[in-house]
Each structure stands twice: as C-alpha cells, then as structure tokens.
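Below are the chains, spelled out letter by letter.
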Amino acid sequence: MNEDSAEDLLFRDQDFSSELLRQLNVLRQKQILTDVTVCSGDREVPCHRNVLASSSPYFRAMFCDDFRESVQPRVDLKGISADVLGQIIQYVYTGQVLITDDNVLCLMEAASMMQYLRLLEACSSFLQTRLAPSNCLSMVRLAEFFSCESLRRQARSLALKCFPQVAASEDLKELCALELSNYLGDDELWGEEEEVFETLMAWVRHDLRAREGYVQDLFPKVRLQYVHPAFFFHFIINDSLLQASPVCRRILEAAKRQTFSPHGAAGPGPLGHVPRRYPSREFLILLGGRKDSQQTTRDVLLFEEKTGRWLSLAKLPSRLYKAAAVALHSNVYVLGGMAVSGERSPVGDQVYIFSLKLNQWREGKAMLVPRYSHRSTAYKNFIFSIGGMGAKREILSSMERYDSISNVWESMAGMPVAVLHPAVAVKDQRLYLFGGEDVMQDPVRLIQVYHLSRNTWFRMETRMIKNVCAPAVVLRDRIIIVGGYTRRILAYDPQTNKFSKCADMRDRRMHHGAAVVGDRLYVTGGRRLAPDGHIEDSDSFDCYDPETDTWTSEGKLPHRLFDHGCLALQGIPYSAGPL
C-alpha cells in the first residue's frame, strides 16, 4: 500500500543519534574500524573517515574528492596545534568542547579553517562576554578576519559607546586612517567633539611623518559647531598641523563665521553635521528657587524622561534668592542673586558654573554689576544679563554681555525702559523683552528689542502684552510667552510681528519655569491663583504639545517650587541618584 493507514506509527527515537555518536567515539577510542590517523606535531588521533567527512565540508572535500589525503592512512594538518586537534576531534565525536580564555582564539582559527560554523559562532559568543573598552578594537579586527558579524557588531557598538576609554587605548593609535575615519564619523559615537578632536590629533602625532597627510581627510569628521567656543579658540584654531593644510584652514574659517560670530550665518560644507545620536542628550534641569514654606533651596534636579523620575545633582554652592540661570555649551551658568545668609543678604555679582558631565560646580568670572531679580539669556557663545535690582535695591536698566571665549564681561547698551520680570528670548539675532513691570509695579505694555550685532535697542507698544513674572521660550520658530499672572499662552512670530493664541494653561500662574525639550514645552511649579482667590505655591509639572495644541500633566515635582531656574541642557549621560 502506498498510503499510511490510520494504525501506522511513525516512531522517533530522540536519543538514537546522540547514542550513535557516543558509540562511534567509543570505537574511536578503542581504535575499532578506524581508517585514518589525523596528526599534528607528535599527536596522532585515529578516526573514521566517514565521521570526519560527515562533520564538515573541509573533511568532506579532503576524503571524498580526488585529493591524495583520500587514500593516505595518515593526514598531517598544518596550522593547528596538537591540543587544539584533540579538542576538535572531541567536538566532532561528542558535540562538546570546553572554550576557555586560553584556547578560544586557537579554536576559532581551527573552526574557521575546518568550517565548523557552529563552533565558530560559539567562540564568537564567548568572546562577546569578554568585550571591554581595552580590547574591543582588536575584537572588531578579529571578527572581520573570521567573518563573525555578531561579534563585529557588538565590539564596534562598545567601541562607539565607550569612546573616551577606547580613545585612550593603544589599539586606537594602531588603526589605519580608514578605520579611524569610520569611527570618528559615526553618528552613534558617544563622545563630545573636543574628545573627537583630541583623539584625531593624538593618532596623527603617534606617527607624524607617516600620518600628517591624513589630517585634511580626517579633520572634517570633527563636528566643529558642537565644540565649546573656548576650546575651539584656544586649542583648535591655532594648531600648527591644521594651519599647514589649506583644506583645514578653510574649515576653520567657516567655523568662525558660522559658530562664533554673533551675526554670522550658517553655510554649507563640513559644518552641516547633525549632532551625534548618543541617547538622552537633552535634559530638563531645575535649580534653586523657593520650595515648601518659601525656603530658598540649593537643590538641583534633573528629570529623567524615560523613567519619569527626578534625580538629584550636586547642590548649588550657596542659597541664592532670585538668581538667573542659563544653559550654554553643555554647562549651566547661575548669575548673581541675593545671598541668603543670616540677617544680612547682600546682592551678588558672582557666577557659578555647573558641568553635567562632572556633576560639579565651579566659580566663573564675576559680573560687572551685582544684580538680582534680573533676566539672563544665551546666544551662540554669549550670555546677556539684563536689568534687575541693584545693590541699593534700585531698578537697573543696564545690560552686560559675557564672552565665553575670552572669559570677559562687557557693558552693552541699556534697555530703553527699565522693567522688572519681563519675558526674555533670543530669535534671529535679536533679543526680545516682553512686558514686565515698572517701578510702580504696574504692567508695561511694551516689546523692547535689542539688535545683537548693532548694540542698539528699539521699542514697540502693543496691547497684546500684559505679562509679569512669565518665562518665554523659542518653540518652532515662534517665541512663546507662558502665562504671567494669567492662564494665557501667546505665540509671537518675529517675521510678521504678529501674536497668536495657544491653548490656555489650567491655572493663572506666575514665578514659574518653562523650557523646551524635544519639541515640547514643559512648565514647572510657580505660584497659582486658587479658586478662592488666594495665591498658593505649586508643584505642578505640565507639558504643552504644539502639534495638538494641548496640555497634559506630567505628574508632580518633588516639592512645591517657584522663582527657580528651569532650562534644557545638552549633555553626555551621567550617573545621579534618585530623590
């Protein structure tokens, strides 16, 4: 009968093949029916040709094709040690082999030569567990030699992720120019551009005579628009190797025009790089202010968007009342404020600088004028400190500018009308002050505009403005004025000089913080007008999505907070403790 009947049984013995292999190994060990001796050095291993030929294409070709080994009783294997030969034969007859740090490379070489692909992949997996910044570059080369794609992928990923440690290794200095170029140009490299530049120059100077000609090919891999201006000015622009190359000099001139001139325009060429894509580059930071019971705090908090947690960073060096905070080149600058220390509270001109990478504070160059309750903003490599209250509690109309390249403060033209608590933002080479209050604490219906390159002001009156103690942010080419004794959110378009309304906040709010992270606006804390008419402190944490023109709650702050710094900061991932 050609068809199986319903009563037939297909029997599968799951242990038969393994038992068969075990018996063949017993026969081999007793040299029963063995018909070839495989040799390496002084090691001789009797085997069965049919077993070896069945185990790999290498032996199948040797014993089944028209090679002389097919009829020889002894076969000498070149390029394999006696110990590794024994381990390979054990693998053939048992399917098992012990992979160790001492034998993995030799086993890998033998498995590749004899085409035992599963053993080769097992060695690759073993090496992946041994990957470290000190060996990952060597592992990439090894994986490429043996065509182990999974090992190559994991080793390269680690090299990119641990770039600062890898850059310090001797292996990196031994890369060829093409290999180095592939690493330095990779968007996934986890490193700051200053480190990329220093790595490049260390590689060149490791063998200067042979490598100096590669500088013009490799230097464009450094994304100069993301280099700290002071580092560029002091360590890059006058480097003798770069100045000796016409190509590099053109790149440096383009970088100066695009990045370091307050009125320079972006242009084409090597500065058109996007930022590298290492994760969590932008963070929401809260610092200082007054927390529960109106106590001035030194807390610095970071919001971890993926987990929704607030993490605690190094505390402010001192308690400061109504200081200003801005982000510039992956650092936070805290300017002025009134020092809260016992009965006497002097107005300060001090500047503190926080590094997210180091989680440390240091002192910066002091301002020209002591200020508190002032406004500050950053543009390119400059910080502007505007107005506020002076040491004698007078309202200031003056403005000063900090140049982070030369580490110098200088006086600039003062604003036409001295106001307190305006909303401040910079857009298209102009600094905008919206509203605020005058010396009589009345709202000022003005837009005061400062032209950055001309050092001149002009003013525009408008009935749309009536904000006090409101922050402003730039979101999608518009300046957003966020509340200020009102629920209203106004979007100002500098190109058309027109306002439009966005969705209102839930509460009338003032003394709050606002920052843009990932194309969304976050608003933190502040003081709100309660339904019964009294003002209360807030711990709210809300988010505005311009795509849908809607607000959502992101939960609560760790405590009620107002008059605090709130900003977005670019930085390398770091370790910090949860609250």
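Residues numbered from 1 in each chain as written. Predicted model: local features only at pLDDT ≥ 70, side-chain atom pairs only at ≥ 80, totals over all residues. Heavy atoms only, no water.

If you look the protein chain up in an unreviewed UniProt entry, it shows as Kelch like family member 38 from Ornithorhynchus anatinus.

What follows covers the packing of aromatic side chains. For any two aromatic rings, the description comes down to two numbers: the centre-to-centre distance and the angle of the planes. Counting across every chain of the model gives 24 aromatic pairs. Where F303 meets F541, the ring centres are 4.9 Å apart and the plane angle is 80°; that geometry is what we call edge-to-face. Here F303 is found in strand β7 (residues 300–304), whereas its partner F541 is found in strand β32 (residues 540–545), with 238 residues between them in sequence. Within the aromatic cluster, the residues linked to one another by ring pairs are F197, F219, F231 and F235. One residue, R28, lies across the ring of Y93, its end atom 5.2 Å from the ring centre. In this arrangement the basic side chain of R527 is found over the ring face of F562, its NZ or CZ atom lying 4.7 Å from the centre. (Phe/Tyr/Trp six-rings, centres within 6.5 Å; stacked < 30°, edge-to-face > 60°. Helix = DSSP H or I, 4+ residues; strand = E, 2+ residues; numbered from the N terminus. Lys NZ or Arg CZ within 6 Å of the ring centre and 35° of its normal.)

If you trace the backbone, E554 turns up in strand β33 (residues 550–556). When its relative accessible area of 28% is taken as the criterion, E554 is described as partly exposed. The contact partners of E554, leaving out residues within four places of it in the chain, are R520, Y522, F541, D542 and C543. At 3.4 Å, the side chain of E554 and the side chain of T552 are in polar contact. (Buried < 20%, exposed > 50% of the residue type's maximum accessible area, 1.4 Å probe, protein only. Contact = heavy atoms within 4.5 Å. Polar contact = N/O pair within 3.5 Å; in protein donor to acceptor, adjacent residues only side chain to side chain.)

Right, let's get into the nonpolar core. Core analysis: the biggest nonpolar cluster contains 79 residues, and I88, F219 and I236 have the highest contact counts within it. Residue-level mapping places this core at the junction of two domains, with at least three residues from each of domain 1 (15–130) and domain 2 (175–257). Those residues in contact with I236 that sit more than four places away from it in its chain are F197, F219, L224, V227, F231, L242 and L252. (Core = buried A, V, L, I, M, F, W, Y, C linked by side-chain atoms within 4.5 Å. Domains from an automatic or database assignment.)

Working note: a packed helix pair is described by the angle between its axes plus the distance between those axes. Taken N-terminus to C-terminus, the directions of helix α12 (residues 193–206) and helix α15 (residues 229–236) make an angle of 15°; their axes are 11 Å apart at the nearest point. Judged by the inter-axis angle, α12 sits roughly parallel to α15. Both α12 and α15 take part in a crossing whose hand is right-handed. Contacts between α12 and α15 involve E194, F197 and E198 on the former and, on the latter, F231, F235 and I236. Of the residues belonging to the contact of α12 with α15, the class tally is 4 nonpolar, no polar and 2 charged. (Axes fitted to C-alpha atoms, helices over the stretch in contact; angles between N-to-C directions. Parallel < 35°, antiparallel > 145°, perpendicular 65-115°, else oblique. Left-handed = near helix turned anticlockwise from the far one by under 90°. Nonpolar A, V, L, I, M, F, W, Y, C, P; charged D, E, K, R; others polar.)

In this section: the sheet that holds strand β30 (residues 527–529). On the basis of which strands lie adjacent, the open sheet formed by 3 strands has the order β27-β30-β31 and antiparallel pairing. In the strand order of this sheet, the two ends are held by β27 (509–510) and β31 (535–537), each with one partner. Pairing geometry for β27 and β30, over 2 bridges, is antiparallel. Counterpart to R509 in the pairing with β30 is R528. (Pairing = 2+ DSSP bridges.)

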